[in-house]
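# Understanding the architecture of this molecule
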Amino acid sequence: MSNLFSVVKLKENAQTPSLATDLSMAYDLRACLTDGDTLVSYTDNANRQNVIVKSMPEFEGKVGFYIEPNARVLIPTGLRFVIDENYGVAVVPRSGLSVKNGLTLINCTGIIDADYKDEVFITLTNTTRQRQFIAHGERLCQSFLVKREC
């Protein structure tokens, strides 16, 4: 990271942001899921539902959940960011996840402000007609430091 931005792991199984390759421009953020977690989901008609994270035999016992078609889910990262007051962290979709799986950020681009001190959640939406499986540790989006210019 840098001296302008650091990460605090709030959960033991959280994974710190990482660069996928030596030339990557942004850090991947991953799902931090534990068997038995309850996530908040919203259906296409804005009804709030709970989604339970569990071990899925059909995915070799991986811990995760299904995101239903047109649903939006708040997915924990298990991380809190410490950001210099003149900066923020931009969060953008992963193009491969969007193109191949129809999963993207509901707000397209998110900003984590320097004064946000809670756990970072990813607001993922399923744009397809099929439910999609999200596993613990899955790369959901990318993040990078931005300077405040106002």
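Residues numbered from 1 in each chain as written. Predicted model: local features only at pLDDT ≥ 70, side-chain atom pairs only at ≥ 80, totals over all residues. Heavy atoms only, no water.

### As for the pattern of salt bridges
We apply this condition: Note on definitions: salt bridges are taken to be side-chain nitrogens of Lys or Arg within 4 Å of carboxyl oxygens of Asp or Glu. Labels follow the DSSP assignment, with helices taken as runs of H or I lasting at least four residues and strands as runs of E lasting at least two, numbered in each case from the N terminus.
One pass over the full model with this rule turns up 3 salt bridges. For Lys11, the salt bridge goes to Glu119, with nearest N and O atoms at 3.3 Å. Highlighted residues: Lys11 in the loop between β1 (5–9) and β2 (27–30) and Glu119 in the loop between β11 (110–113) and β12 (121–126), separated in sequence by 108 residues. Close ionic contact of Arg139 with Asp28 constitutes a salt bridge, the shortest N to O distance being 2.9 Å. In this pair, Arg139 sits in strand β14 (residues 139–147) while Asp28 sits in strand β2, placing the two residues 111 residues apart along the sequence.

### Notes on the sheet that holds strand β6 (residues 62–67)
How we decide: By this definition, two strands are paired if DSSP reports at least two bridges between them. With axes taken as lines fitted to C-alpha atoms, and helix axes fitted only over the stretch in contact, angles between N-to-C directions fall between 0 and 180 degrees.
Overall, antiparallel pairing links the 3 strands, which are arranged β5-β6-β13 in an open sheet. Lying at the two open borders of the sheet, with one neighbouring strand each, are β5 (54–56) and β13 (132–135). For this sheet the average axis-to-axis angle between neighbouring strands, irrespective of direction, equals 60°. Bridge count between β6 and β13: 4 bridges; the pairing is antiparallel. Note that in β13 the partner of Tyr66 across the bridge is Phe133.

### What about the environment of Ser98?
Keep this limit in mind: Here a residue-residue contact requires only that any non-hydrogen atoms of the pair lie within 4.5 Å.
Among the structural elements, Ser98 can be located in helix α1 (residues 95–101). Taking the C-alpha atoms as reference, Ser98 lies 23 Å from Leu79; in sequence the two are 19 residues apart. Among residues more than four places away in sequence, those in contact with Ser98 are Pro93, Leu103 and Thr104.

### Comments concerning the side chain of Asp28
Worth spelling out the cut-off: Buried, partly exposed and exposed residues are distinguished by accessible area as a fraction of the type maximum, computed with a 1.4 Å probe on protein chains only: under 20%, between the cut-offs, and over 50%, respectively. In protein, a polar contact requires one atom able to donate a hydrogen and another able to accept it; more generally it is a pair of N or O atoms within 3.5 Å, and residues adjacent in sequence count only if both atoms are side-chain atoms.
Assessed through its relative accessible area of 2%, Asp28 is described here as buried. At 2.9 Å, the side chain of Asp28 and the side chain of Arg139 are in polar contact. When residues no more than four places from it in sequence are discounted, the contact partners of Asp28 are Pro17, Ser18, Ala20, Arg94, Arg139, Cys141 and Gln142.

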